[in-house]
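The lines below spell out each chain.
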Amino acid sequence: KDWQEAWGDKQTKEIIKWFQKEPYLDISVAGDPKKMEPIVRGKNIYGKTLRINQLVNPTKIPFYETENKNYHWWVQDVAASLPAELLINSNKISIVDLCAAPGGKTIQLLKAKKKVISIDLSNERIIRLKQNLKRLQLEDNIITADGKTWVPKKKVDAVLLDAPCSATGTIRRHPDIMKNRSKISL
């Protein structure tokens, strides 16, 4: 109903049709995306993002766990990589990543040698963030807090808040979410 009000019947039908296609998996890579293409059976679509044209269990992708940092990769939709990319290409060093879990943008920034404070309100999601950082041998600076009220102890160069998160990638892979969630207002 919200989509119909926002985009009209025709666009809403197109969105629904898109959601019914076989989902793909985007991953970001730390090393050379062209070298990683044949390894993960993906295609470089932008920057360091590879698209695997099928939904696959990430733990089954080569180098899921490796000490070789040139082969590190993490699940991250291409659109989610763009906000961090803007900071990577800036002179900003110390960055707060609000609503950070499960960690794609935090990882992206850490791999680019930025100093990151990762903030998230959900203990459950922070567990996933810690697992992802540990798998990639990255130091964590995670704080469980509400980003609306949290204040850093020291001055930072930038704050990354990728909002509003539409979760369209998540919805596409788990369409039952739309039936099981209720509308909330802030």
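Along each chain, residue indices are assigned from 1 in the same order as the chain's sequence is written. Residue-level local features of this predicted model are given only where pLDDT is at least 70; pairs of side-chain atoms are given and counted only at 80 or more, and the full residue set underlies all totals for whole chains, interfaces and linings. Values shown for side chains rest on all heavy atoms present in the structure; no hydrogens or waters enter the calculation.

Caption draft 1: Summary view of the overall build of the protein chain. Check the secondary structure of the protein chain and you find seven helices and eight strands. The buried share of the protein chain, reckoned over its 186 residues, is 37%. Whether two residues are in contact is decided by their heavy atoms, any of which lying within 4.5 Å being enough. At a minimum sequence separation of 6, the contacts of the protein chain that also span at least 24 residues come to 59%. Accessible surface is estimated by sampling points in the Shrake-Rupley manner with a 1.4 Å probe; for residues, cover comes only from the protein chains shown. A total of about 12500 Å² of accessible surface is found on the protein chain, and carbon and sulfur atoms cover 52% of it. Working definition: helices are DSSP H or I runs of at least four residues, strands are E runs of at least two. Numbering for both runs from the N terminus. Think of it in three bands: with a 1.4 Å probe and only protein chains considered, a residue is buried below 20% of the maximum accessible area for its type, exposed above 50%, and partly exposed in between.

Caption draft 2: Seen up close, the sheet that holds strand E7 (residues 142-144). DSSP-based pairing: two strands are paired if at least 2 bridges between them are found. Reading across from one edge, E7-E6-E5-E8 is the order of the four strands in this open sheet, with parallel pairing throughout. Every other strand in the sheet has two partners, leaving E7 and strand E8 (158-160) as the edge strands with one partner each. On average, adjacent strands in this sheet sit at an angle of 20° to one another, irrespective of strand direction. Inspection of the sheet shows strand E5 (residues 94-98) paired to E8 by three bridges, in the parallel sense. Counted as the bridge partner of Asp97 is Leu160 from E8. Helix H5 (residues 123-135) contacts strand E6 (115-120) and E7 of the sheet and is inclined by roughly 170° relative to E7. Only the stretch in contact is used when fitting a helix axis, every axis being a line fitted to C-alpha atoms; angles between N-to-C directions are given from 0 to 180 degrees.

Caption draft 3: Expanded view of the layout of surface pockets. A cavity, in this analysis, means grid points on a 1 Å lattice covering only the protein atoms where a 1.4 Å probe fits yet has no way out; a pocket is instead an open set bounded by protein on both sides within 12 Å along at least five of seven lines, and a residue lines either one if it has an atom within 4 Å of a point. Grid points are joined across faces, edges and corners, and a volume is the space filled by probe spheres set on the points. Here the second largest pocket defines a volume of roughly 360 Å³. Lining the second largest pocket are 20 residues; nearest its centre among them are Ala30, Trp74, Gln108, Lys111 and Ala112. Contributing elements (two or more residues each) for the lining of the second largest pocket: strand E1 (25-29), helix H3 (78-88) and helix H4 (104-111). Charged means Asp, Glu, Lys or Arg here, nonpolar means Ala, Val, Leu, Ile, Met, Phe, Trp, Tyr, Cys or Pro, and polar covers whatever is left, Gly included. Its residues placed into classes, the lining of the second largest pocket shows nine nonpolar, six polar and five charged.

Caption draft 4: Geometry of the nonpolar core. Residues grouped as a nonpolar core are buried Ala, Val, Leu, Ile, Met, Phe, Trp, Tyr and Cys residues, joined through side-chain atoms within 4.5 Å. Leu109 and Leu133 are the most contacted members of the largest nonpolar core, which totals 18 residues. Counting only elements with at least two residues in this core, the list comes to H3, H4, H5 and E8. Residues Leu25, Ile27, Met36 and Ile52 belong to the second largest nonpolar core, which totals nine residues.

Caption draft 5: Representation of the packing of aromatic side chains. Here the aromatic set is Phe, Tyr and Trp, taking the six-membered ring for Trp, and pairing holds for ring centres within 6.5 Å; pairs whose planes are under 30 degrees apart are stacked, those over 60 apart are edge-to-face, and all others are tilted. Under the criterion given, the structure shown has three aromatic pairs. Between the aromatic rings of Phe63 and Tyr71, the centroid separation amounts to 4.3 Å while the plane-to-plane angle is 15°, which identifies the pairing as stacked. A residue is classified by how much of its surface remains accessible, and Tyr71, at 26% relative accessible area, is partly exposed. Distance and angle both matter: a charge sits over a ring if NZ of Lys or CZ of Arg is within 6 Å of the ring centre and within 35 degrees of the ring normal. Directly above the ring of Tyr24 sits Arg51, whose terminal nitrogen or CZ lies 3.7 Å from the centroid. Its end group placed over the ring of Tyr64, Arg135 keeps NZ or CZ at 4.4 Å from the ring centre.

Caption draft 6: Summary view of the pattern of salt bridges. In what follows, salt bridge is the name for a side-chain nitrogen of Lys or Arg lying within 4 Å of a carboxyl oxygen of Asp or Glu. Enumeration according to the criterion identifies four salt bridges in this entry. Its salt-bridge partner being Asp26, residue Arg51 comes within 2.7 Å of it at the nearest N-O pair. Taken as a pair, Arg51 in strand E3 (residues 49-52) and Asp26 in strand E1 lie far apart in primary sequence, 25 residues in all. For the pair Arg51 and Asp26, one class covers both residues: buried. Its salt-bridge partner being Lys34, residue Glu37 comes within 3.7 Å of it at the nearest N-O pair. A residue pair is termed a helical-turn pair when its members lie 3 or 4 positions apart in one helix, as Glu37 and Lys34 do in helix H2 (residues 33-40) at three residues.

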